[in-house]
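Architecture and fold: a report
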Number of protein chains: 2
Amino acid sequence: MTMLASAVSNQYVFSFNDGDGHNKKLLGGKGANLCEMTQIGINVPPGFVISTDACLAYLETDDDLLPVTLMDEVKSQIDLLEQATGKGFGDSANPLLVSVRSGSALSMPGMMDTILNLGLNETTLPGLIKQTGNERFAYDAYRRFIQLFGKVALGIADEVFDEPFEELKRQAGVNADIGLTAEHLKEISNVFLTVVHQATGRPFPQDVYEQLEIAIKAVFKSWMGKRAIDYRREFNITRDMANGTAVNIVTMVFGNMGMDSATGVGFTRNPATGENIMYGEYLVNAQGEDVVAGIRTPKPVLELEQEMTDMYRQLVELRNRLESHYKEIQDFEYTIEKGVLYCLQTRNGKMNAAAKVRTSVEMVKEKLLNKEQALLRVDPEELEQLLHPGLDPSSQAIAVAQGLPASPGAASGVVVFDADRAELLGKAGEKVILVREETKPEDIHGFFAAEGILTSRGGKTSHAAVVARGMGKPCVAGAEGIKVNTHKRQAVVGGTVLFEGDVITIDGGNGSVYLGEIETVPPEFSDDLHTLLKWADEIAVLSVMANADTVEATKKAAEYGAKGIGLCRTERMFNAQDRLPIVVDMILANTTEERQQALDRLRPIQRADFKSLFEVMSPHAVTIRLLDPPIHEFLPTEKQLERELAHLEQLKNTVEGVGDLMGTLWLLKGQENHAIDVAKPFGEGGRELVEAAIAKKELMLMKVRELFEVNPMLGHRGVRLGITYPEIYAMQIRAVLEAAAECKKEGIKTHPEIMVPQVCTVQELLKVKDIVDQVRVEVEKEYNVELEFEFGSMIEVVRSCMRAESLAEVAEFFSFGTNDLTQASFSFSREDAENKFLPMYTEKEILQDNPFEVLDIKGVGKLMQISVEWGRKTNPGLRVGICGEQGGHPESIHFYHHIGLNYVSCSAPRVPIAKLAAAQAKLMEDSYHLN
Amino acid sequence: MTMLASAVSNQYVFSFNDGDGHNKKLLGGKGANLCEMTQIGINVPPGFVISTDACLAYLETDDDLLPVTLMDEVKSQIDLLEQATGKGFGDSANPLLVSVRSGSALSMPGMMDTILNLGLNETTLPGLIKQTGNERFAYDAYRRFIQLFGKVALGIADEVFDEPFEELKRQAGVNADIGLTAEHLKEISNVFLTVVHQATGRPFPQDVYEQLEIAIKAVFKSWMGKRAIDYRREFNITRDMANGTAVNIVTMVFGNMGMDSATGVGFTRNPATGENIMYGEYLVNAQGEDVVAGIRTPKPVLELEQEMTDMYRQLVELRNRLESHYKEIQDFEYTIEKGVLYCLQTRNGKMNAAAKVRTSVEMVKEKLLNKEQALLRVDPEELEQLLHPGLDPSSQAIAVAQGLPASPGAASGVVVFDADRAELLGKAGEKVILVREETKPEDIHGFFAAEGILTSRGGKTSHAAVVARGMGKPCVAGAEGIKVNTHKRQAVVGGTVLFEGDVITIDGGNGSVYLGEIETVPPEFSDDLHTLLKWADEIAVLSVMANADTVEATKKAAEYGAKGIGLCRTERMFNAQDRLPIVVDMILANTTEERQQALDRLRPIQRADFKSLFEVMSPHAVTIRLLDPPIHEFLPTEKQLERELAHLEQLKNTVEGVGDLMGTLWLLKGQENHAIDVAKPFGEGGRELVEAAIAKKELMLMKVRELFEVNPMLGHRGVRLGITYPEIYAMQIRAVLEAAAECKKEGIKTHPEIMVPQVCTVQELLKVKDIVDQVRVEVEKEYNVELEFEFGSMIEVVRSCMRAESLAEVAEFFSFGTNDLTQASFSFSREDAENKFLPMYTEKEILQDNPFEVLDIKGVGKLMQISVEWGRKTNPGLRVGICGEQGGHPESIHFYHHIGLNYVSCSAPRVPIAKLAAAQAKLMEDSYHLN
């Protein structure tokens, strides 16, 4: 392909005056920018680019020959350089020297090779001395060239040059190169020539075109060097993105030709803060590498104004010109040679997220960019940095364990091994980190109380991870280096034993765990970010909602700018300490009546829950998903119950004093706070109480065994429960509608949406709709209001996608549950896959990404697209959204926009990210391609 | 709709001379046939039909009014009857009497009402007496009419008539009606008239048109009577199939008018055997109901030849005429009135499967039918009766427990509670029934040894059910009434305790369990069935293969006519007693080398397995599925290991004598046969052996815990294992290809197909393909042969459907695994769903059928259709089949044909059923509709 392309164009070499500044694939980033700058009149040393096509053509052959026409083209270009500079390549009187620099389509800093001062040899050296009148400079240039050429182009090891050089410095009694005289440098040049001859068996090439040809090949070859290959693998640079390196041949200019010369690097704005101020460093009478080498300390660029006033003015002009042309912060290099300013390179500046946001907003105000361009400048994922506290970057602490970065943010606190104690200490004002092997729904109160969560088992979609993300709390999951022993109330990390009360710090952004407290820096939700997101809202088609189950989380969602709640998992409410016992009663109920009694106790609680969510989110929608998980999730595990029963039996047999018994009983339940208070008044009757507890636990055990499922993910859950126990759904529906009715009475605007999980056939939806219709009539009558709400279906079962036409006749909205849909589409159990084969699958590139983090567009996405299309056939006004984990993933959001979704719903801290991505999806829709 | 239709046609009533004999929906089955017979010249008493539209129009109103024009139409028709018969309706001299009979589109025997002798009243009765000269006959007709009319049309309870009638008989001193004189009957007629007057408050209607109108309404109303509604629900008769009843008004003829009169019922052939012989019974001087009433014993129709030679000749003529017209065995009623033969009714005869098959083949030979018609006559599901032994129908045994009919066929044998003992006894020639709570893969040798399998847990797709069906052995699953206690080696059924060695009988066709031995009748795979299936093969597009994993099953498949093996589950071979220990070693291996050692031991065994399958199935294809189930399935459960370890520990501590120890050890493993032989020679060293056993079990326990998965169905299995342990797949592939190479060397034609399970992305398929390609080269070189085989993919993961285009570029065939695909599409775990909510789902009609038995066309089928379409886009020659449970289901087979599958694969005993269904699918393709 590339050979064909070049065969057609027939041109491998492009002068800076002619090259297409937008064709970075052909000319490399550096070359394209040099062309661009030359053509807009910036003072760039004359030069030309050899294209990446030439590189690929060369690398494709086995015989080490450049494409046949290449060196002819190069010679023509050198002729032009000679004309432009009045110098001659290889000319003994006024020699033309060039640098040979690599440059691929993507910046790969330091990964490929550069040769300076090419064109020096025994003939041209005297000419250089004569022209510059500076013998030391010339010999320094010569020995640098031999050394660099020997190393880069001829493949000679560094030490071969370094050893004699160090020896010379020792003999001369100097520490730094600067202490060497012209004589010293002449001597070492000669030594280097001998060294090269010995190492290669040939004398150092004296023919300048031979030098040039060898250098060009060396740069080409560096593209396939180990360093470059490793780099590309590390940063996922594919051939699509960059293929081959270009070679830039540039006339040498020298910043070390006296006090009217200098060299420097600059940013057009401060890349750390985004402040609109000239930024960078320079050195007078120095070469580019000296700025980096660290021997002389470079000066802040502002000092240049004093030192070289006119040069500074020119530099400011250059900076303005670059920004106004590129519409982007530039990172550029320049050299002043005898009072003339040359720009040697420019590229887009890398910045942190805060600076990106600030410059985006300011550049719009400066009319450098329009809003659309500003929105496209910021990578949504980068915003993550701004939305969570991070560890103080100046800290030198070393992580003692490494887990998965399960929920971003950093937090310090005392280690606590169970949720009850976390709550106790949390309420007492202590900062705690909840440390568990893994968490379960009944730990939920511990999450509320903790600053962060650390688990030694489970993946990025484990319970701990999902809940923590939902709450916006830091979480490190699956830190396998930590052995948690809850019974002993300690954990072992390497050689260290962590006791309850020890302080640790976790960083959920990278999965690190540290001993002791490390300072954190708070998140910055700046005015500029607010402005940017406002613009995003104006442009985006997709609206962004949040997943939230509690008032706290809903408040957080509102702060992050969510336009409603797209997923409220009602079962999360069931797990609260005051409700779980009622839920357990409901589960253990033997008759519908008994179950109804428990439900009657739950209803006012749920109603209050919903009402407070409606209030916080008013006037936006709150989408309530009816009970979803299999009900055994509300009971302890079989093992746990067996253990508890064994303990209780032992207790019953060995009981001595009643108070002691009661205390132990409460301790056993992990509720020390009750242990003393409750134990006393009971006096006698303790044994009976234990026996009652045993009876209850035995009942629970029986139920747990009865409810056992081989594959709970595919089990008796969601609407299947709602069909089996319609009274449960009826209770929840009534609680929602009563809460809505109360709001309406109180003048609070609200828009509830009732959502049915796990639907696979329209019959299920119709059965629930019957309940909704009936309850609506009752509540409207009771409260004397007219209710407005919507009724919709989760689309998370594959069959529901196939039946979208039919479901859309009943549902007013669809919400894709992409977590479950992905599990079912791949037949991957998330919990199992992420611990077992999934890492291997992405490593072996069987899958590009973990489909539970990044939507699998080709498979799951296709199902979604079909569903949207079919659903809107029968219900053109159908609203469609997504509330799975992948709802907040920027790349996936482009796809959601493409297939015409109306909204995404994600965890609160990802709302800003999703908003920006949604705006970008709209802006980039014309160039979106599905492959 | 119906009102509209009748408004357009404006005609509710049709003479037998005019009605459309094909329009059973409008005229009912009986009416249409009466019209048809009349019009082809069969002697039917004159009459007419009131259409079902009239019925529906009547039932739609609330005011009990017939459609306005109806009675006018009826009167016109009565006029025509009067002309035809020369009698007058209500005429005192020569009265016309009619019967009023219901008849809907589908036969609903006895479910709706009939009134005879309508038209009798005080005026016409003397006329009837005069015309017949038979007073007793006339009064009998009159009292029958009053009674029937009273009951059916006026809704008077039976007892009201029965009590005085019995009283009369007592007074007269007679037992049977026949003993009553004309005087008695006259008396009872008068009593009945009084009874009606008392019950209704009105005199018995004397106006014959009033009688007729009341009777018509009564028949119409009977359509919505409880009996009829229940019947339609029971037999799933929808409105599509039959809506409303027609009313047939037929001139009465009498078989009880003397010795030249008779009445009878007949079949045109013997419905029990299909033999082409006149069949049926008759009574001279009797009415139709007398034949059924059982007071007089009817005579075989062949005797009529002697008794009424000419009538018999006419009857034979009638029979021939009916068959040659209807091209179907007829079940007909006739009456001979004074030497004239009338046909009163005909309908298609019901037959058992054997008779259906025989008559189909014979009618083709007789050129009554062509092959296509013959194939369409037989319901494929009926063949099931012919393919398994059944219980002797004459047995009066009562079932003691009821389970699910999991695999058809009946079997008797001694109860055995574990697979080892089943094998032991089986080899000793004993017939055994394996009785387990549930079965596991390691019980497989017990299946081979047993006549049948009975489990107390699990559904129709439990391990026991699936394996038994695969082997064609009877199985009753989930017989919850039986409590199995394997430890005690007994089971409790109701009050009875079953000990090992007791004999039971199971019927897998209906799920019944009996104590003791009950005779079974062998299956009949008759020549006629062979002929029919040969015709089916000629016509069908779908070819039919079988699922089989062993030589025995493969032989059975060949016997049943399978054209190859569509699914050979290699893991079934892993479970054999001689292999499982090697498989366990493979699983416990810590390094690839250790694993390779185990695999090297397995390979020759697998090769021999495959070779013998190839030999049996030669020259047809054998499709080998590479290892599919999660590997923990080859290990005992955690609980079992914990228990075994506890036992072993105890044993170690309490050991007395070494021999005892060893014996116990083997007993513990359930291998009594080893217990004595093996224990002795070991002598000392017993303790070490126990310790070694403990170490091994501990290792296994560790592994089992490591392998634990929350949702094994969606776990580390199928190709995911093949990617993780490529050496396992490499071994299997090599074994397949080596077996093929050996066959080729020996001149045995074979066509292996290697099939990859659980594929979700083409990358997986490519990785396995790489192994296949490499092994092929090696084996071809080693054996110096050229191999021919195919490489394909299971399509059982939803994502593979979405990626069909891409997979089809690598796969030569697709095989739908509809078991897993259904699980994933519904998010139903089969094992859980069938025990929990699925029965409720079908009961509440949320789902029409259990989708694991009948393909869910609207959901799973849609996915399949998409896959076939997309797959053939990139690979037009792609072969596609199905090997799931639903592969052998007739209704689903129409769908497979419709979407262009090439083959189905099912359990061996379903092969004939599938073949017939495949032929029917082809024959009926034009009328196939997806809704």
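Anything mentioned here points back to the structure above.
Residues numbered from 1 in each chain as written. Chains lettered and ligands numbered in written order. Predicted model: local features only at pLDDT ≥ 70, side-chain atom pairs only at ≥ 80, totals over all residues. Heavy atoms only, no water.

In terms of regular secondary structure, chain A is built from 39 helices and 31 strands. Overall, the C-alpha framework of chain A stretches about 110 × 65 × 55 Å when taken along its three principal axes. Within chain A, the fraction of its 931 residues that count as buried is 57%. At a minimum sequence separation of 6, the contacts of chain A that also span at least 24 residues come to 69%. If you sum the accessible surface of chain A, you get close to 38,100 Å²; carbon and sulfur atoms cover 50% of it. Distance from the positive charge centre (96 side chains) to the negative charge centre (134 side chains) of chain A: 2 Å. (Helix = DSSP H or I, 4+ residues; strand = E, 2+ residues; numbered from the N terminus. Buried < 20%, exposed > 50% of the residue type's maximum accessible area, 1.4 Å probe, protein only. Contact = heavy atoms within 4.5 Å. Areas by Shrake-Rupley, 256 points an atom, 1.4 Å probe, with all protein chains shown as cover. Lys, Arg positive; Asp, Glu negative; His and termini not counted. Charge placed at Lys NZ, Arg CZ, Asp CG, Glu CD.)

Within a beta sheet, neighbouring strands are joined by backbone hydrogen bonds and run either parallel or antiparallel to one another. Residue and element names in this part refer to chain A. Here we have three strands laid out as an open sheet, ordered 18-19-20, and antiparallel in their pairing. Lying at the two open borders of the sheet, with one neighbouring strand each, are strand 18 (482–485) and strand 20 (496–499). This sheet shows a mean twist of 20° between the axes of neighbouring strands, independent of strand direction. (Pairing = 2+ DSSP bridges. Axes fitted to C-alpha atoms, helices over the stretch in contact; angles between N-to-C directions.)

The next subject is the relation of the copies chain B and chain A. Placing chain B over chain A gives an RMSD of 0.2 Å and needs a rotation angle of 180°, together with 0.2 Å of translation along the axis. Taken together, the rotation and translation describe the operation of a two-fold axis. When C-alpha distances to the rotation axis are compared across chain B, the minimum falls at B:Asn711, with a value of 2.2 Å. With an isologous cut-off of 70% or more, the 100% of interface residues of chain B that recur at the interface of chain A puts this contact in the isologous class. (Least-squares fit on C-alpha atoms with pLDDT ≥ 70 in both.)

All names here are of chain A. Burial along strand 16 (residues 452–455) is two-sided: the face carrying Gly452 and Leu454 and the face carrying Ile453 and Thr455 are both buried. Pairing between strand 15 (residues 432–436) and strand 16: four bridges, direction parallel. Directly across from Val435, in strand 16, lies its bridge partner Leu454. Viewed along the sheet, the connection from strand 15 through helix 18 (residues 444–449) into strand 16 turns out right-handed. Sheet topology places strand 16 next to strand 17 (residues 475–477); two bridges connect them, and they run parallel. From the neighbouring strand, Ile453 faces strand 17, where its bridge partner is Cys475. (Right-handed = clockwise from strand over helix to strand, strands pointing away.)

The next thing to look at is helix 14 (residues 353–365) of chain A. All names here are of chain A. Compared with an ideal rise of 1.5 Å per residue, which puts 13 residues at 18 Å, helix 14 spans 19 Å between its outermost C-alpha atoms and is within 8% of the ideal. Within helix 14, ten of the 13 residues are buried, which leaves it mostly tucked inside the rest of the structure. Restricting attention to buried positions, one finds in helix 14 the residues Ala353, Ala355, Lys356, Val357, Thr359, Ser360, Val361, Glu362, Met363 and Val364. Of the surrounding elements, those touching the buried residues of helix 14 are helix 15 (371–377), helix 16 (384–387) and helix 20 (527–539). Immediately downstream of helix 14, the backbone of Lys367 shows phi near 60°, a positive value. (Expected span 1.5 Å × (residues − 1).)

Here we come to the pattern of salt bridges. This structure, assessed with the given rule, holds 127 salt bridges over all chains. The shortest N-O distance in the salt bridge between A:Asp443 and A:Arg436 comes to 3.5 Å. Residue B:Glu644 is joined to B:Lys697 by a salt bridge in which the shortest nitrogen-to-oxygen separation is 2.6 Å. Remark: B:Lys697 occurs in helix 28 (residues 686–707) and B:Glu644 occurs in helix 25 (residues 638–654); sequence separation between them is 53 residues. Overall, the relative accessible area of 16% leaves B:Lys697 in the buried class. (Salt bridge = Lys/Arg side-chain N within 4 Å of Asp/Glu carboxyl O.)

All names here are of chain A. A barrel is described by the order of its strands in space; here eight strands give the closed sequence 24-25-26-27-28-29-30-31, paired in parallel fashion. Each adjacent strand pair in this sheet contributes to an overall mean axis angle of 30°, direction not counted. Relative to strand 26 (residues 621–625), strand 25 (residues 565–569) runs parallel, the two being bridged by three bridges. Bridge pairing links Ile565 to Val622 in strand 26.

All names here are of chain B. Residues Phe813 and Ser815 point to one face of strand 29 (residues 813–816) and Phe814 and Phe816 to the other, with burial holding for every one of them. Examined bridge by bridge, strand 28 (residues 790–795) and strand 29 share four bridges and lie parallel to one another. Each bridged residue has a counterpart across the sheet, and for Ser793 the counterpart in strand 29 is Phe814. Relative to strand 30 (residues 879–882), strand 29 runs parallel, the two sharing four bridges. Residue pairing for strand 30: Phe813 is matched across the bridge by Arg879.

Interfaces are often described in size by the accessible area the parts lose on coming together. With 53 residues of chain B in contact, the opposing surface of chain A contributes 53 residues. Sorting the residues of chain B by area buried against chain A places B:Leu714, B:Arg799 and B:Ser827 first, and these three jointly supply 14% of that buried surface. The salt bridge involving B:Asp856 is made with A:Arg799; its shortest N-O contact spans 2.6 Å. Connecting chain B to chain A are 32 residue pairs in polar contact (both at pLDDT 80 or more). The class makeup of the residues in the side of chain B that touches chain A is 23 nonpolar, eleven polar and 19 charged. (Buried area = accessible area lost by both parts, 1.4 Å probe. Polar contact = N/O pair within 3.5 Å; in protein donor to acceptor, adjacent residues only side chain to side chain. Nonpolar A, V, L, I, M, F, W, Y, C, P; charged D, E, K, R; others polar.)

Before going further, it helps to spend a moment on the packing of aromatic side chains. To describe a pair of aromatic rings, one takes the distance between the centres and the angle between the planes. Applying the stated criterion to the full structure yields 32 aromatic pairs over all chains. Taken together through their ring pairs, the aromatic side chains of A:Phe826, A:Phe828, A:Phe837 and A:Tyr841 make up a single cluster. (Phe/Tyr/Trp six-rings, centres within 6.5 Å; stacked < 30°, edge-to-face > 60°.)

Residue and element names in this part refer to chain B. Packing of helix 14 (residues 353–365) against helix 20 (residues 527–539) leaves a shortest axis separation of 9 Å and a crossing angle of 65°. Classed by the angle they form, the pair helix 14 and helix 20 counts as roughly perpendicular. In this structure, helix 14 meets helix 20 at a crossing whose hand is left-handed. Facing Val357, Arg358, Ser360, Val361 and Val364 of helix 14, the residues of helix 20 in contact are Asp528, Leu529, Thr531, Leu532 and Trp535. Among the residues making up the contact of helix 14 with helix 20, the classes are represented as six nonpolar, two polar and two charged. (Parallel < 35°, antiparallel > 145°, perpendicular 65-115°, else oblique. Left-handed = near helix turned anticlockwise from the far one by under 90°.)

A few words on the side chain of B:Ser867. Among the structural elements, B:Ser867 can be located in helix 37 (residues 857–874). Assessed through its relative accessible area of 0%, B:Ser867 is described here as buried.

So, on to helix 24 (residues 592–617) of chain A. Compared with the 38 Å implied by 1.5 Å per residue over 26 residues, the 35 Å span of helix 24 of chain A between its first and last C-alpha is a close match. Residue A:Leu602 marks the point of greatest curvature in helix 24 of chain A, where the axis turns by about 30°; the proline A:Pro604 follows within four residues. (Bend = angle between axes of the 7 residues up to and from the residue.)

All names here are of chain A. Cis geometry is adopted by the peptide bond preceding Pro619, which originates at Ser618 and carries an omega value of 0°. Relative to the helices and strands, Pro619 is located in the loop between helix 24 and strand 26. The backbone of Asn784 sits at a positive phi, close to 55°, despite the residue not being glycine. Mapped onto the secondary structure, Asn784 falls in the loop between helix 31 (762–783) and strand 28 (790–795). One non-glycine residue with positive phi stands out, namely Ser827, at about 55°. By the secondary structure assignment, Ser827 is in the loop between helix 34 (818–826) and helix 35 (830–835).

This next bit is on the environment of B:Lys75. Residues and elements named next belong to chain B. When you line up the elements, Lys75 lands in helix 4 (residues 70–85). Judged by relative accessible area, Lys75 falls into the partly exposed class, the value being 38%. For the pair formed by Lys75 and Ala739, sequence separation is 664 residues and the distance between their alpha carbons is 83 Å.

Let's shift gears to the environment of A:Thr455. Residue and element names in this part refer to chain A. Among the structural elements, Thr455 can be located in strand 16. Overall, Thr455 belongs to the buried group, its relative accessible area being 1%. The spacing of Thr455 and Leu701 is 246 residues in sequence and 27 Å in space, taken between C-alpha atoms. Non-local contacts of Thr455, meaning those with residues more than four positions away in its chain, are made with Arg436, Glu437, Glu438, Thr439, Ala464, Val476, Ala477, Gly478 and Ala479.

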